[in-house]
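# A look at the structure
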Amino acid sequence: MASFDIPTIDVSPFLKSEDDEDGKRKVIERIREACVNYGFFQIENHGIPLGLLSKTMDLYQTFFACSDEDKLLVSPKPGSSIPAGYLKSPQNSAEKNEHFVFLPPSSGFNVYPNNLPHLKQVLEEMISRFTKLGMLLESIISECLGLPPNTLAKFNDDRSWDFLIGLHYFPATEAENNGKSAHEDGNCITFVYQDEVGGLQVHKDGQWIPIAPSKDKLVVNIGDIIQVLSNNKFKSATHRVVRSKGKSRYSYAFFYNLHGDKWVEPLPQFTEEIGESPKYRGSLFKEYAQLRVKNRTHPPTRPEDLIHITHYSISN
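Residues numbered from 1 in each chain as written. Predicted model: local features only at pLDDT ≥ 70, side-chain atom pairs only at ≥ 80, totals over all residues. Heavy atoms only, no water.

The name an unreviewed UniProt entry assigns to the chain is Flavonol synthase, from the organism Nicotiana tabacum. Quoted verbatim from the Sequence similarities (unreviewed entry) field of the UniProt record, the comment on the chain reads "Belongs to the iron/ascorbate-dependent oxidoreductase family." (UniProt positions renumbered as here; feature names shortened; annotations may be inferred.)

Here it is, written out as structure tokens:
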């Protein structure tokens, strides 16, 4: 296990009322370096109040402490591209967790537990804050890649596929401790807030780096969409969750996504404009998203048969 941690970056220069061009330039340099070397970093002074982060965590913990009968009352409605509501890992799954998915309020698919009347308001506030932060990080990453202003914002201008997920990982046993198997995120940008138990690890140079929990920091990682658009300039990092013995782990994550009907392929700025061949064939995002869901619902017998973004790789 590696003993060093991922970079922590203060993003306050982008949130100040007065202009701080020097501070912004330093943030861009540090995030660019983190995206190239890790695909992961932590941000501080991000503008989301600690009180809201803590309240959201408390509400998730209260919800997951409810009886299975009560939790199953908020199972997903049929018809949504992303199932909103409560789901638990199947008994035969290698991953031992349960989760609650919340979509943008305009989706019409969200379900709410009757015994937690404040949950709806808090999650709506949380998803609103994360959305604004996602738009900010997207604009910074666009600058990190040297793209013309608003390139990624214009490409990714529909927020209906974003979602917030609360997770409860059950305590590890003597036999196994897998919370979330090694994977990459299939979206654009992910934000994670974890409790003090920890367990999130990122893979780098053949080692697993533990990401230390911090009550006032958010973990950020770039996903497969950024990797494809940048033609591998930025990498979507492999990560996992390891459960602790005798302790439950709680976390929540916001997935800043892409609309399913978007066509995804390397941008011309990283291919034809600089004389490089595309490393991925184009595809609709929803096609890849559906294959990723199938990984979970109908896992293949052999781990090597799991679908990753390399499914779309072009051999040059």
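A tally of helices and strands in the chain yields 7 helices and 14 strands. Relative to its length of 316 residues, the chain is compact, with a C-alpha radius of gyration of 19 Å against a globular reference of 20 Å. Along the three orthogonal principal directions, the C-alpha set of the chain runs to about 60 × 50 × 45 Å. The burial tally for the chain puts 50% of its 316 residues in the buried class. Summing over all exposed atoms, the chain offers an accessible surface of approximately 15,100 Å²; the carbon and sulfur share of this is 52%. If the 35 positive side-chain charges of the chain are averaged to one point and the 40 negative ones to another, these points end up 2 Å apart. (Helix = DSSP H or I, 4+ residues; strand = E, 2+ residues; numbered from the N terminus. Rg over C-alpha atoms; globule rule 2.2 N^0.38 Å. Buried < 20%, exposed > 50% of the residue type's maximum accessible area, 1.4 Å probe, protein only. Areas by Shrake-Rupley, 256 points an atom, 1.4 Å probe, with all protein chains shown as cover. Lys, Arg positive; Asp, Glu negative; His and termini not counted. Charge placed at Lys NZ, Arg CZ, Asp CG, Glu CD.)

For the rest of this paragraph, the subject is the sheet that holds strand 11 (residues 239–242). In space, the 4 strands of this open sheet follow the order 6-11-8-9, with antiparallel pairing throughout. The open sheet terminates on both sides in strands that have one partner only, identified here as strand 6 (178–183) and strand 9 (207–210). Adjacent strand axes in the sheet meet at a mean angle of 30 degrees when their direction is disregarded. As judged from the 3 bridges shared by strand 8 (residues 200–204) and strand 11, these two strands associate in the antiparallel manner. The partner of Q201 across the bridge, within strand 11, is R240. (Pairing = 2+ DSSP bridges. Axes fitted to C-alpha atoms, helices over the stretch in contact; angles between N-to-C directions.)

Right, let's get into empty space enclosed by the protein. In the structure shown here, the tally under the stated rule is 2 cavities of 30 Å³ or more. When its volume is computed, the largest cavity comes out at roughly 60 Å³. Forming the walls of the largest cavity are I225, V228, V264, Y280, R281, S283, L284, F285, Y288, I309 and Y312. The residue inventory of the lining of the largest cavity, partitioned by class, reads 9 nonpolar, 1 polar and 1 charged. Counted as a void, the second largest cavity has a volume near 30 Å³. In this structure, the second largest cavity is lined by E138, L152, F155, N156, C188, I226 and L229. Residue assignment for the lining of the second largest cavity shows that the elements contributing at least two residues are helix 5 (151–155) and helix 6 (224–229). Taken together, the residues that form the lining of the second largest cavity break down as 5 nonpolar, 1 polar and 1 charged. (1 Å grid on protein atoms, 1.4 Å probe; cavity = no way out; pocket = protein on both sides within 12 Å on 5 of 7 lines; lining within 4 Å. Points joined across faces, edges and corners; volume = space filled by probe spheres on them. Nonpolar A, V, L, I, M, F, W, Y, C, P; charged D, E, K, R; others polar.)

Examined against the element boundaries, H46 turns out to sit in the loop between strand 2 (40–44) and helix 2 (50–64). H46 sits in the buried class, given a relative accessible area of 5%.

This part is about the layout of surface pockets. Quantified by volume, the second largest pocket comes out at close to 170 Å³. Forming the walls of the second largest pocket are S54, M57, D58, Q61, Y193, Q194, D195, E196, P213, S214 and K215. Every element with two or more residues in the lining of the second largest pocket is listed here: helix 2 and strand 7 (189–194). For the lining of the second largest pocket, the element with the highest residue contribution is helix 2, accounting for 4 residues.

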